[in-house]
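Structural characterization, general
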Amino acid sequence: DVGFKQDLPKVQNTFLEDPVMASVLERLLPTHVLQEITPDLVQICDWANTEGAALLDRMEADQPRLRQYDSWCRRVDELLVTEAWNKQKDIAAREGVVAIAYERKYGQYSRIYQMAKLMLWSTGAGLYSCPIAMTDGCARVLELIGTPEMKEQVFSRLTSRDPSKFFTSGQWMTERPGGSDVGRTETQAVWNEDKKAWSISGFKWFSSATDADVTMLLARTHDPNPSAAPGATKDGSRGLSLYLARVRDDQGKLNGVRIHRLKDKVGTKALPTAELELDGMVAQQVGDTYRGVKNISAILNITRIYCGMNCTAVMQKLLLGAKEYARRREVFGALLKDQPLHLATLANMELQYRATSQFTFYCVAMLGRIEALDNNLPEIRDRDIPLLRLLTPILKIWSAKNAFYLSQEAMESYGGQGYMEETGIGRAMRDVLVNTIWEGTSNVLSLDLLRVMAETKGEAMQLYSDTIRGIMAPLRSKTPWIQSSKSLEECLVLIAIRFTSYATADGRKTLEASARG
Ligand code: MFK
Ligand code: FAD
């Protein structure tokens, strides 16, 4: 056991070590709120570094499995998840990672507290943040349009801190004919008069939270009007309604669901994503008939912010790790941190992380105001609501692309060791990559941005541009390089436009012709 041994990077309490997160929270939260929540944020980081890290290793080592038949060839479709995965559920409940947002102890600031805690919690909870995102989205839909019964029986459990009561939710939209284009949904919902419920049959191509207690799903509604022809449906997305269903009953028996197989994924291995056949799943309709896409969009808009939060968390962890390594690794007679070119790389990563975390929490703060304050206040109705609607797809795309870029730089910054699974960077990279696809691909969200611009007749874009000007104005007087950059706000507006994929360039036509073949 002779020769050089590299110092191990020190495990850090991310909240205490990261000046960026502290400054974001100091700016957005009243001092007394920040003081009150700080011990909770510190303890959740300590948990993530100890019990959370151990659970993550177990979740990765012992991935979910499907036992389809019992020994006598009866179809059982038993989803086997690890004890560590189930433990994450209990911890999520106890720590109130969904509950904090709905208890609203701190009014509009509760969302900021919840997302900050989630961000730190997720470094020890890993992919469990996925069912939590959908649970939060489902809670929001029920809060907005659920029946009193749904609120009492389901919402109260989605937002419970009691592990024995806590429910998680799935979100089943994607089908084989279309994930982006859900108007191609084949799944059908037929009213069952005896059960006084909807009976749902079809095939859901991706279900991430197959162990969830309940799920929100889209299906094509058979016209319940007695004078309508049997089986009459409407085409496209305007024929879809939103449904809420238990996935299993109290005895654990699946509610008209067959699990075809688990997906063999590039990453997110600890997450049980499955293909599901639905055959008479008993469900209740949520909100108006044929308004399924509009109604489920409340989930999409929450989970898309979660994607931003998840990317920020990954960037934070990888950046702190890369900086810590640079303080210990010596090359060509100096520590890495003192090698100018490496420092420039770290600085660039830091810039990406800072921009992403500011952007994420800017959106979270607006979400908090919309949820906790009267939506008829002019600043909510005319500013926060349209602005958040516009910024959410941009945040989702921007953070997903940046986080993948940063994870590649983080890997390289450890040299060869970065490519080793032991550092966990490869896993982080594979996992974070999915944020470009789930909850809407980049191009689909670019088109969503166009949808908002069209629906608001350009007013949302104008709001964005005015807001950027407002943010830049005080900075201009303090920061000479901003003063000299005349068109900075125009540049920021262009960032948004770029994501619409419609920024014109002369060479574009040639490239498109070549791509078409
Ligand atoms: C840590 C993070 C973890 C996150 C968990 C991830 C787990 C994985 C879960 C999934 O991936 S679930 C599946 C997610 N699927 C998608 O995100 C689908 C992507 N496709 C789209 O978003 C399409 O744009 C869309 C399905 C919405 C297109 O459908 P349509 O019906 O062709 O759109 P249309 O007709 O433009 O919109 C219908 C209505 O919805 C319109 O309102 P009106 O009827 O009142 O005019 C739209 O304005 C409204 N709408 C659409 N998107 C909206 C929205 N409203 C508010 N917010 C939105 N985002
Ligand atoms: P398609 O819609 O076929 O897209 C293919 C390509 O076409 C993409 O590049 C897309 O950007 C592009 N495209 C589509 N429309 C346009 C357009 N109009 N203009 C330009 N380009 C376009 N779904 C669920 O419902 N529930 C889940 O729990 C769930 N979990 C998932 C977990 C994982 C790990 C993954 C990878 C996916 C999951 N999904 C889930 C599915 C995911 O939401 C879809 O894969 C995604 O929305 C894309 O749909 P698609 O696969 O049908 O691709």
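How each quantity is defined
- Residues numbered from 1 in each chain as written.
- Chains lettered and ligands numbered in written order.
- Predicted model: local features only at pLDDT ≥ 70, side-chain atom pairs only at ≥ 80, totals over all residues.
- UniProt positions renumbered as here; feature names shortened; annotations may be inferred.
- Helix = DSSP H or I, 4+ residues; strand = E, 2+ residues; numbered from the N terminus.
- Rg over C-alpha atoms; globule rule 2.2 N^0.38 Å.
- Buried ≥ 20, exposed ≤ 12 C-beta atoms within 10 Å, placed from the backbone.
- Contact = placed C-beta atoms within 7 Å.
- Near = placed C-beta within 6 Å.
- Nonpolar A, V, L, I, M, F, W, Y, C, P; charged D, E, K, R; others polar.
- Domains from an automatic or database assignment.
- Expected span 1.5 Å × (residues − 1).
- Core = buried A, V, L, I, M, F, W, Y, C linked by C-beta atoms within 7 Å.

The chain goes by Acyl-CoA dehydrogenase in an unreviewed UniProt entry, where it is assigned to Mortierella alpina. As stated in UniProt under Cofactor (unreviewed entry), the record for the chain gives "FAD".

**Let's talk about the overall build of the chain**
Per the secondary structure count, the chain includes 17 helices and 11 strands. Whereas a compact globule of 517 residues would reach a radius of gyration of roughly 24 Å, the chain reaches 24 Å, a difference of no more than 12%. Considering the chain as a whole, with its 517 residues, one finds that 42% of them fall into the buried category. Summarising the internal contacts of the chain: among those between residues at least 6 apart in sequence, 73% fall at separations of at least 24.

**What to know about the site of ligand 1**
With respect to spatial proximity, 29 residues lie near ligand 1, and among them S237, S297, N310, W438 and G440 are the closest. Of all the secondary-structure elements, those providing two or more residues to the shell around ligand 1 are α7 (129–145), α9 (292–326) and α13 (442–455). Per-element tally for the shell around ligand 1: the top contributor is α9, with nine residues. Broken down by class, the residue content of the shell around ligand 1 amounts to 11 nonpolar, 13 polar and five charged.

**With respect to the site of ligand 2**
The environment of ligand 2 is made up of 22 residues, and the closest members are G179, S180, F206, S208 and T441. Within the residue set of the shell around ligand 2, elements represented by two or more residues are β3 (169–172), β5 (197–207) and α13. At three residues, the largest contribution of residues to the shell around ligand 2 is made by α13. The residue makeup of the shell around ligand 2, split by class, is eight nonpolar, 12 polar and two charged. Two domains each provide a minimum of three residues to the shell around ligand 2, namely domain 2 (169–290) and domain 3 (293–506).

**Remarks on α9**
Helix length check: α9 (35 residues) gives 51 Å between terminal C-alpha atoms against 51 Å at 1.5 Å per residue, within 8%. The element α9 is largely enclosed, with a buried count of 31 among its 35 residues.

**Brief notes about the domain arrangement of the chain**
When cut into domains, the chain gives domain 1 (8–167), domain 2 (169–290) and domain 3 (293–506). In this complex, domain 1 contributes 34 residues to the contact, which on the side of domain 3 involves 32 residues. The biggest single contributor to the side of domain 1 that touches domain 3 is α7, with 10 residues. Residues belonging to the side of domain 1 that touches domain 3 are distributed by class as follows: 17 nonpolar, nine polar and eight charged.

**Structural notes on the nonpolar core**
Grouped together as the largest cluster of nonpolar side chains are 131 residues, with contacts concentrated most on I200 and Y243. Per-element tally for this core: the top contributor is α9, with 19 residues. Those residues within four positions of I200 in sequence are excluded, and the remaining contacts are T187, A189, L217, A219, Y243, A245, L278, M281 and A283.

**Some points on unusual backbone geometry**
We note that D77 has phi near 45°; this positive angle belongs to a residue other than glycine. Tracing the sequence through the fold places D77 in strand β2 (residues 75–80). In this structure, T268 takes a positive phi of about 45° despite not being glycine.

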